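Below, each chain spelled out in residue letters.
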Amino acid sequence: MGTDTLSIGVLGYGFMGKAHANALGRLPLFFPDAPDVSLDVLCGRDADAAREAADRFGFADVETDWRDAIERVDVLYNLGPNDVHVEPSIRALDEGVHVLCEKPLAPTLDGAKRMAEAAARSDAVAATAFNYRFVPAIEYARQLIADGVLGEIRHVRARYLQDWLVDPDAPWSWRLDADSAGAGALGDLGAHSIDLAQFLVDDVTAVSGQCTTFVDERPDDDGRSRSVTVDDAFSAQATLACGATATFEATRCATGHKNTNAIEVEGTEGAIRFDLERLNELDVLRGDDRGFETVLVTDPDDPYIEHWWPPGHTIGWEHTFVHENAAFLRAAADGDDYEPDFGTGRDVQRVVDAIQRSDERREWVSL
Ligand code: SOE
């Protein structure tokens with residue numbers, strides 16, 4: 001479109017569609033310096049369902065073919081299943097359309113590499129949606145680690161635990177299909193943990209991992225039995241470039257855990273620990289032996305907080321998407337670099353791929 005207002009198109013309108021539509025709606029009030037947006041096109045294969053979602057999310061029009069949607073917008077939010085991340089994102093970038101793509105970047109490393117190559121040859125911004133980087137307490141932890149408050153990092157311990165597949169009759173969905181999703185808990189949840197470890201500390205250099213599927217078949221919405229071809233759970237040990245060791249675990253079968261996204265980092269001088277279920281807080285140990293202090297990361301000078309409420313008036317999960325959208329749209333409008341970009345998404349995919357190979361070969365894999 002090429003005006004000051006960015007025209008937005010969204011591909012997919014499930015859970016993530018709602019999270020990003022909510023974020024876009026909050027921007028004018030809380031991030032007035034973010035670019036103006038016009039919610040123009042919502043794209044989905046089923047025209048009636050897309051129309052219903054467009055009305056709910058506040059989009060003006062619908063398209064059923066993503067190629068037509070791309071023609072009409074400045075920015076594409078690619079929020080569909082993982083197997084529709086690759087071609088539409090590449091086409092959009094080749095047309096000069098900015099892209100924010102949900103994680104994991106692609107079902108396969110090859111797809112992620114092709115997307116990163118398209119981003120490298122395009123002037124448009126290509127963002128991978130690792131929203132947990134935009135939790136104030138995580139950004140606060142990153143600053144502490146970067147400032148050396150924790151000393152030399154020795155350990156990273158990250159786990160992402162959910163329980164929605166404990167029930168063997170929980171319904172089959174695209175998330176359980178290798179062709180659509182690429183990986184299961186490893187790609188969907190582990191990708192967040194791997195990104196946080198690399199964001200907070202350093203790159204993963206080698207992994208030894210194992211993946212497990214507990215339930216091989218599940219009923220689909222029509223009651224037919226469908227094969228589960230991805231992992232229900234994975235764990236891995238890893239080395240990082242700085243010499244630290246890391247462990248990762250993600251599962252959809254951790255009874256009682258709804259959304260435990262936790263990370264702990266220990267260094268020679270101190271430590272931090274974080275759990276999304278208490279997302280306003282960061283536990284910090286600063287080198288003495290008096291134990292962890294719990295810092296409430298809601299002061300005006302804490303990351304992102306000046307945009308919200310007075311100290312102690314906590315924020316929630318959905319705010320991470322508002323922060324992410326503000327940063328992405330600013331980069332798109334100003335032609336600036338953005339992190340995490342498609343190169344970062346590809347690098348996380350490399351680790352996911354290495355863990356899958358390690359599981360198959362039952363041996364360590366170097367990156
Ligand atoms: C899966 O249940 C899921 O929605 C992931 O796809 C998201 O990335 C995570 O933030 C919450 O859980």
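Residues numbered from 1 in each chain as written. Predicted model: local features only at pLDDT ≥ 70, side-chain atom pairs only at ≥ 80, totals over all residues. Heavy atoms only, no water.

Caption draft 1: Region of the structure containing the pattern of salt bridges. Per the counting criterion, the structure on display carries 29 salt bridges. The partner of E264 in a salt bridge is R157, and the shortest N-O contact between them spans 2.7 Å. Separated by 107 residues along the polypeptide, E264 in strand β13 (residues 260-267) and R157 in strand β7 (residues 153-161) bring together distant segments of the chain. A salt bridge links R157 to E266; the nearest nitrogen and oxygen atoms lie 2.7 Å apart. Note that R157 is positioned in strand β7 and E266 in strand β13, a separation of 109 residues in sequence. Counted as one network, the salt bridges with shared partners bring together K103, R175, D188 and R252. (Salt bridge = Lys/Arg side-chain N within 4 Å of Asp/Glu carboxyl O. Helix = DSSP H or I, 4+ residues; strand = E, 2+ residues; numbered from the N terminus.)

Caption draft 2: A look at the packing of aromatic side chains. Taken as a whole, this structure holds nine aromatic pairs when the rule is applied. Residues F15 and W317 carry aromatic rings whose centres are separated by 5.4 Å and whose planes lie at 15 degrees to one another, so their mutual orientation is stacked. With F15 in helix α1 (residues 15-30) and W317 in helix α9 (residues 317-334), this residue pair connects regions lying 302 residues apart in the sequence. On the basis of relative accessible area, F15 is assigned to the exposed category, the value being 53%. (Phe/Tyr/Trp six-rings, centres within 6.5 Å; stacked < 30°, edge-to-face > 60°. Buried < 20%, exposed > 50% of the residue type's maximum accessible area, 1.4 Å probe, protein only.)

Caption draft 3: Highlighting the sheet that holds strand β1 (residues 6-11). Read from one edge to the other, the open sheet built from six strands follows the order β3-β2-β1-β4-β5-β6, with strand pairing classed as parallel. This sheet does not close on itself; its edge strands, each paired only once, are β3 (61-63) and β6 (126-129). Averaged over neighbouring strand pairs, the angle between their axes works out to 25 degrees when direction is ignored. Judged from the four bridges that link them, β1 and strand β4 (residues 75-78) form a sheet pairing that is parallel. Residue G9 lies in a different strand from β4, and its bridge partner there is L76. (Pairing = 2+ DSSP bridges. Axes fitted to C-alpha atoms, helices over the stretch in contact; angles between N-to-C directions.)

Caption draft 4: Inspection of the layout of surface pockets at higher detail. Roughly 930 Å³ of volume is contained in the largest pocket. Surrounding the largest pocket, 36 residues form its lining, L79, G80, P81, W174 and R175 being those nearest its centre. Those elements that place two or more of their residues in the lining of the largest pocket are α1, α8 (185-200) and α9. Looking at the lining of the largest pocket residue by residue, the classes come out as 16 nonpolar, twelve polar and eight charged. Both domains that meet at the lining of the largest pocket, namely domain 1 (6-132) and domain 2 (136-278 + 280-315), each give it at least three residues. (1 Å grid on protein atoms, 1.4 Å probe; cavity = no way out; pocket = protein on both sides within 12 Å on 5 of 7 lines; lining within 4 Å. Points joined across faces, edges and corners; volume = space filled by probe spheres on them. Nonpolar A, V, L, I, M, F, W, Y, C, P; charged D, E, K, R; others polar. Domains from an automatic or database assignment.)

Caption draft 5: Layout of the side chain of S358. The topology assignment puts S358 in helix α10 (residues 342-361). For S358, a relative accessible area of 1% corresponds to the buried category. Setting aside residues no more than four positions away along its own chain, S358 makes contact with V207, S208, G209, E363 and V365. (Contact = heavy atoms within 4.5 Å.)

Caption draft 6: Summary view of the environment of T239. Take T239: it is sitting in strand β11 (residues 233-240). Judged by its relative accessible area of 28%, T239 is partly exposed. Through-space distance from the C-alpha of T239 to that of V156 is 9.6 Å; in sequence the pair is 83 residues apart.

Everything listed is a geometric property; what it means functionally is a separate question.
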